[in-house]
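Results of the structural survey
These are the residues of each chain, in order.
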Amino acid sequence: MVKPGLQPGSAVYHAADARMRYILKIQLQLEFMTARLPSLVIVGRPNVGKSTLFNRLTGTRRSIVTSEPGITRDRIYGKAEWRGKTLEVVDTGGIIPDEKALIPQEILRQAQVAIKGAALLVLVVDSQAGLTPLDEELARLMRTTGKPFVLAVNKVDSPSQEANAAPFHSLGVPVFPITAEHGTGVDDLLDHALAQLPRATPSPPATGAALPPVELPTESALIEVAIIGRPNVGKSTLLNQLVDEERSIVSPIPGTTMDNVDREITRGGRDYRFVDTAGIRRKGKTKLVAEKLSVVMARRGLERSDVALLVIDGEQGVTQGDATIAGYAEQSGRSIILVVNKWDLALAAAREAALSDAATAKGKSRQSLSENRDPANIDPGKLMSDYENMIRAKLKFLSYAPIVFLSAKTGHRAEKLLPLINQCADARRRRIPTPALNDWLRQEVDLQRGSTPKSRPVRIYYVTQAKTAPPTFLLFTNQKTPLHFSYARFLENQLRAKFDFTGTPVRFVQRLRKREKRARTSSRDDQ
C-alpha cells in the first residue's frame, strides 16, 4: 500500500526521489574518491627526458628540467586527464642499477617503490643516443617486475627521425616515438595507456537496488605545510617521520633534495599536505642551474603553504641563513613553527662540553664549590629554556612563532608538531567579529600608553578585520603617516593577548578618517 502523499507525480514523491538521487550521487563520488587511481610510472636512465614527459602529461612544471643529469631523485606524483579519464603519473629518478654510490642506490630504491604500485610502466629512451646497454638492462629489469611496460622513444623531433626508433623494436614491447618537449606522439601513448590501465571508478549499483546508508562528508580544508630550511638540517627526515614512510631520500650529502616532494595524509580527521623543499641557500652558493631552480621551487612551495616548518640544526644553532629564510617566510605571510631538529645530538654536545669544561682548572674549582654536582647531569628543561631565549634574541621578528625541540631521526617529541600545526592553521583562518574588536579597543587597550613621547597622540576610531590568511586589520585613525613600529608592535601584542593568533603574522592597514565625515557626524548629533 502506497503511503498518502507518495503517489507518483506528487510534490512529496518528487522531493523523496530527488533526495535519493542526491544520496546516490554522493555515494558514487565517495567511491570514486576512495578508489585508487591507476598509476603510470615513468622510468629510464638519467637525462633521457623523463621529467619533461611528466610535466607534459600533468600539464605542470612540477619536475625540474635541465640538461644536467641526475636532477630528479625522489618520486614526484601528479595527475593526468585524457579523454575524460584520470590517471596518476609518477616521475622517478634516473636508474643506474649497478651503481654503488649512496644517492643512485636511494634513487633505485625510490623507483622500486613506485614500480610496485604501477599499473603500467613507461620506459623512456633517447632516440638520438640509440639503444644503449643500460637501456637493454633496464628493459630486462622491467620484465622481472611482471608489470606491463612500453617504450617511449623521446627526442623524435620530426617525421624524418622516426627511423631512429626502429632499433628499439628489438626489445619486443610497444614502441611510441614522441617529443616530450612539444607533445608530439604523446596522444598515441596516452591512448594505449588508457586501453591497458584498469578503470578506477567502481560500477554503479543496479537500478532499484537498495542504497546503503551514507554519511555526508563535512567540509575540511586541506592544510598545506611546507618544510623549509638550510641544506642538510633534516627536512627530508622530518617529512618521512611525519608521514610514517620513506617518502624522501635521506643522505648526509647537502643538497640531496632537488624537487619539491609532497605527500598527503589524514590524521585525526584532518587532511594535510606536507611539502619537503630543497635547502635554500645564498645565490652565491648555487652554481648549477638545477640548484638555482630548486631554490626557486622551494620559494614557490613556501608561497602556496599555510604553515611553514622552519627546521633549525640544534647542533649549529641559529645561523644567518636561518634568519634569512625566516624573513622569507614572515614576508610571505605564512604561519611559522620553529623546529629545532637533532635535539638529541644537542643534548649530547652539551654534556660533552660540560665534561670538557669540568676537566679544566676553573671547572674543577667551580666543581668543588657546587656540592659535588655531576657535570654530565645536564637539565634538559633548563637547556631548552636557554636555547629558546637564544633563538628569541636572534629572531626577534618571530616572537609569535612557537618553538618545538625534537629529533626527526628517532621521532622523539615529534608528536607535538601536529597539534601545533592545527592551532596555527586555525589561527590563520580566524575571523574576529567587528563588534568584538571595537569593544576590545575601547575597553582593554590604553592607546596613550602605546604612544611615543613628543609625538601626536594616535587615535583609533574604528577597527575591522579586512581578511584572513594572514589576519589583516583595517584601522581608521586621526593621522595619515604610518604608525610607528613600536606603536604597531604594542597594538599587536595587545591583540595577541586577547585573541589566539599563535604562530600567525598579523598585519595592520591604516586609513585616515576624514574630518568632513567627523564634522558631519558631530553636526547631526547637535541637531
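The preceding data block contains the structure.
Residues numbered from 1 in each chain as written. Predicted model: local features only at pLDDT ≥ 70, side-chain atom pairs only at ≥ 80, totals over all residues. Heavy atoms only, no water.

1. Comments concerning the overall build of the chain
Heads up, the condition is: What counts as a helix is a DSSP run of H or I of at least four residues, what counts as a strand is a run of E of at least two, and both are numbered from the N terminus. Burial here depends on accessible area, computed with a 1.4 Å probe over protein chains only, as a share of the maximum for the residue type. Under 20% is buried, over 50% is exposed, and the range in between is partly exposed. Residues are treated as being in contact if the distance between any of their heavy atoms lies within 4.5 Å. Surface accessibility follows the Shrake-Rupley procedure with a 1.4 Å probe radius. Residue values consider only the protein chains on display as shielding.
Of the regular secondary structure elements, the chain holds 16 helices and 15 strands. The burial tally for the chain puts 46% of its 527 residues in the buried class. For the chain, restricting intrachain contacts to residue pairs at least 6 apart in sequence, the fraction spanning at least 24 positions comes to 70%. Looking at the chain as shown, the accessible area adds up to about 27,900 Å², and 53% of this sits on carbon and sulfur atoms.

2. Describing the pairing of strand β4 (residues 120–126)
For the record, the criterion: Paired strands, as defined in this entry, are two strands with at least two bridges between them according to DSSP. With the strands pointing away from the viewer, any crossover whose connection runs clockwise from the first strand over the helix to the second is right-handed.
Most of β4 is tucked away, with seven of its seven residues classed as buried. The side-chain alternation of β4 yields two buried faces, one formed by Leu120, Val122, Val124 and Asp126 and the other by Leu121, Leu123 and Val125. Bridge count for β4 against strand β5 (residues 149–154) is six bridges, and the pairing is parallel. Each residue of the ladder has a partner; that of Val125, found in β5, is Val153. Tracing the backbone out of β4, into helix α4 (residues 133–144) and back to the parallel element β5 gives a crossover that is right-handed.

3. A closer look at the sheet that holds strand β2 (residues 76–82)
Strand pairing within a sheet occurs via backbone hydrogen bonds; the two strands may be parallel or antiparallel. What counts here: Whenever a helix is involved, its axis is fitted only over the stretch in contact; in every case the axis is a line through C-alpha atoms, and angles between N-to-C directions fall within 0 to 180 degrees.
Taken together, six strands build an open sheet; the order of strands is β2-β3-β1-β4-β5-β6 and the sheet is mixed. The open sheet is flanked by β2 and β6 (175–177), the only strands paired with a single partner. Taken pair by pair, the neighbouring strands of this sheet meet at an average axis angle of 30°, ignoring direction. One ladder, built from four bridges, connects strand β1 (residues 39–44) with strand β3 (residues 85–91); its direction is parallel. The residue bridging Leu40 from the neighbouring strand is Val89, located in β3. Of the strands in this sheet, β1, β2, β3, β4, β5 and β6 are in contact with helix α5 (residues 186–196), which crosses β2 at around 90°.

4. Quick notes on the side chain of Asp74
The line we're drawing: A residue counts as positive if it is Lys or Arg and as negative if it is Asp or Glu; His and the chain ends are not included. Whenever Lys or Arg places a side-chain nitrogen within 4 Å of a carboxyl oxygen from Asp or Glu, that contact is recorded as a salt bridge.
As for its position among the elements, Asp74 is in the loop between α2 (50–58) and β2. Salt bridges are absent for the buried Asp74, whose nearest opposite-charge side chain, Arg247, sits at 5.5 Å. The contact partners of Asp74, leaving out residues within four places of it in the chain, are Asp91, Thr92, Gly93, Arg247, Ser248, Ile249, Thr257 and Val261.

5. Describing the pattern of salt bridges
In this structure the tally under the stated criterion is 20 salt bridges. Between Lys155 and Asp126 there is a salt bridge, and its shortest N-O distance comes to 3.1 Å. Residue Lys155 is found in the loop between β5 and β6, and its partner Asp126 is found in strand β4; the two are separated by 29 residues along the sequence. Ionic contacts of the salt-bridge type, sharing partners, join the residues Glu224, Glu264, Arg273 and Arg304 into one network.

6. A closer look at the packing of aromatic side chains
The test is simple: Whether two aromatic rings pair depends on their centres lying within 6.5 Å, for rings of Phe, Tyr and Trp, where Trp uses its six-membered ring; planes under 30 degrees apart make the pair stacked, over 60 edge-to-face, and the rest tilted.
Scanning all chains against the criterion turns up nine aromatic pairs. Seen in terms of ring centroids, Tyr272 and Phe274 are 5.9 Å apart; in terms of plane orientation they differ by 20°. Their pairing is stacked. On the accessibility criterion, Tyr272 (1% relative accessible area) is buried. With a relative accessible area of 0%, Phe274 lands in the buried category. Arranged with centres 4.6 Å apart and planes meeting at 55°, the rings of Trp343 and Phe405 form a pair that is tilted. Residue Trp343 is found in helix α9 (residues 343–358), and its partner Phe405 is found in strand β12 (residues 403–405); the two are separated by 62 residues along the sequence. Overall, Trp343 belongs to the buried group, its relative accessible area being 2%. Assessed through its relative accessible area of 1%, Phe405 is described here as buried.

7. Quick notes on the packing of α2 against α5
Counted only if it meets this: Working definition: roughly parallel below 35 degrees, roughly antiparallel above 145 degrees, roughly perpendicular at 65 to 115 degrees, and oblique for all remaining angles.
At a minimum axis separation of 12 Å, α2 and α5 run at an interaxial angle of 75°. With respect to α5, the element α2 is oriented roughly perpendicular. The residues of α5 that touch α2, namely those facing Leu53, Arg56 and Leu57, are Val186, Leu189 and Leu190.

8. Focus on α4
Quick reminder of the rule: Each helix should span, by expectation, one fewer than its residue count multiplied by 1.5 Å. Directions from the helix axis toward the C-beta atoms define the arc.
Taking 1.5 Å as the rise per residue, α4 with twelve residues should run 16 Å; its terminal C-alpha atoms sit 17 Å apart, in good agreement. Taken as a whole, α4 has its buried residues at Asp135, Leu138, Ala139 and Met142. The arc enclosing the buried residues of α4, seen along the axis, measures out at 105°, which places them on a common side. Exposed positions of α4 whose direction lies more than 90 degrees from the buried face are Pro133, Arg140 and Thr144. Each element contacted by the buried residues of α4 is listed here: β1, α3 (102–116), β4 and β5. At the C-terminal side of α4, Gly146 shows a positive phi close to 80°.

9. Side note on the sheet that holds strand β10 (residues 307–313)
Taken together, the six strands give an open sheet; going across it, the order is β8-β9-β7-β10-β11-β12, and neighbouring strands pair in mixed fashion. Each edge of the sheet is formed by a strand with only one pairing partner; in this case those strands are β8 (261–267) and β12. Each strand of the sheet is rotated relative to its neighbour by a mean of 25°, with strand direction disregarded. Two elements, β10 and strand β11 (residues 335–341), share seven bridges in a ladder whose sense is parallel.

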